[in-house]
Amino acid sequence: MNSPVGIYKVYCTKTTDSWVDETVFYNSVYNNEDKFVFAVYNTTIAGNHKVFCSNTTDSWADGTVLYNAEYDNEDIDVFAVCKYIIYLPPILNGNSKMDICEIEIGGCPYGKYGDRCELTCPDHCIGSCDLRTGNCVFGCSSGWLGEKCDRACDGGKFGNQCLRDCSSNCLSSPCDHVTGQCKAGCLKGWEGFNCTEECDDWHFGTNCNKMCNCLKIPCNMFTGECSDDGCKKGWQGDSCDQECVPGYFGYNCAYLCETCFNQSCDILEGNCRVGCNDGYRGRKCDMPVSKESSAIIRFGFFIGGLASICVVLLIVWMVKYARRRIIKKQGT
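Residues numbered from 1 in each chain as written. Predicted model: local features only at pLDDT ≥ 70, side-chain atom pairs only at ≥ 80, totals over all residues. Heavy atoms only, no water.

This brings us to the pattern of salt bridges. According to the stated counting rule, one finds 2 salt bridges in the structure shown. We note a salt bridge from K157 to D165, for which the minimum N-O separation is 2.5 Å. Overall, the relative accessible area of 28% leaves K157 in the partly exposed class. Here E269 makes a salt bridge to K233, at a shortest N to O gap of 3.2 Å. Taken together, the positions of E269 in the loop between strand 22 (255–256) and strand 23 (280–281) and K233 in the loop between strand 18 (210–211) and strand 19 (235–236) put the pair 36 residues apart, joining distant regions of the chain. (Salt bridge = Lys/Arg side-chain N within 4 Å of Asp/Glu carboxyl O. Buried < 20%, exposed > 50% of the residue type's maximum accessible area, 1.4 Å probe, protein only. Helix = DSSP H or I, 4+ residues; strand = E, 2+ residues; numbered from the N terminus.)

Another point: the nonpolar core. In this structure, F158, C166, C170, C175, C182, C186, W190, C195, C199, C208 and M221 together form the largest nonpolar core, which totals 11 residues. Residue contacts for C170: discarding those within four places in its chain leaves C175, C182, G185, L187 and C195. (Core = buried A, V, L, I, M, F, W, Y, C linked by side-chain atoms within 4.5 Å. Contact = heavy atoms within 4.5 Å.)

Our next topic: the state of the cysteines. If you walk through the whole model with that rule in mind, you get 15 disulfides. Linked covalently through their sulfurs, C153 and C162 form a disulfide whose S-S length is 1.8 Å. Note on the C153 and C162 pair: the S-S dihedral is about -85 degrees, so by sign convention the disulfide is left-handed. By relative accessible area, C162 is classed as buried at 9%. (Disulfide = S-S within 2.5 Å.)

This paragraph deals with the pairing of strand 4 (residues 48–54). With 5 of 7 residues buried, strand 4 is to be regarded as a mostly interior element. By the bridge criterion, 6 bridges tie strand 4 to strand 5 (residues 64–70) in an arrangement that is antiparallel. Looking at the pairing, C53 lines up with T64 of strand 5. Judged from the 5 bridges that link them, strand 4 and strand 7 (residues 84–88) form a sheet pairing that is antiparallel. Residue pairing across strands places K50 opposite L88, the latter belonging to strand 7. (Pairing = 2+ DSSP bridges.)

So, about the confidence of the model for the chain. Considering every residue of the chain, the mean pLDDT works out to 78; 72% of them sit at 70 or more. Within the chain, strand 8 (residues 101–104) has the poorest average pLDDT of any element, 46, and strand 11 (residues 144–145) the best, 96. Contacts from residues 92–105, a stretch scored under 50 in pLDDT, to residues over four places away or in other chains number 44 contacts. (pLDDT = per-residue confidence, 0-100.)

Turning our attention to unusual backbone geometry. One non-glycine residue, C117, adopts positive backbone phi at about 55 degrees. Checked against the element boundaries, C117 lands in the loop between strand 9 (112–113) and strand 10 (119–120). On the accessibility criterion, C117 (15% relative accessible area) is buried. Non-glycine residue Q263 carries a positive phi angle of around 50 degrees. When you line up the elements, Q263 lands in the loop between strand 22 and strand 23. Looking at Q263, the relative accessible area reads 36%, which means it is partly exposed.

Now the structure itself:
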């Protein structure tokens, strides 16, 4: 591969993150190799020497390990194409700080690759990609596979490296290959983003979007069927999700409001909405009226009506009489 034109420089420091104050390790035209040599001289430090690589952070803790072994009086060779290469010597003693040498490698801008950095890394790479091939060297984002992370999870899988299974409670498969969301909703008895939550009490059916009105205990979350105790007032059906038809009320809609006018009553208590049929009184029109009481009531209505007519006639006569007196006075 022909590298981008220019001089590549490598610096090392233990005291600053500014290249101006660092020791120059390398300053030359790139020679088409990705090999970096760490020469460790005159050391008597026991323990493992480590080299880390990262394209996203300068913290060794989050880097990829390139080398981890005891020093054997030879150069430490590593091969990498990274934004950061960090050398971590062993700890000197219990009270000393850890020496970290950061080496920054010049190359393509982040997210670019190719002979002249003219190509863009694949969309679903984690971090940047290989400067020569464009392969995603640090893996793929959730829901994607392949060297260039261009293949979505299949076979009912989703998530990081497509290792997670879609929920078996999805109404249809597959689920969203990135998040695991059940796109078409949930089977009966289940709800939630990926259909892993059971219906709340008193709910049932697809996506738990139906409500039952069982009398004592919640209904079956799959079928909605209530127990033998039946339904609350105003409801009927196997799932107690149907209101009483007109003319019925109460538990399981078992009662008929036949003495209400037009059999019109509320479905809970049976109170009549527009009055009672003849011979009944009360909120529910469930109190019979005797024949004597009925006759008295009818006579009372008759007398009341007659009295009203008399009052109206009296008022009319008084108005006419007053007008005659006024006219008579004006004539004299």
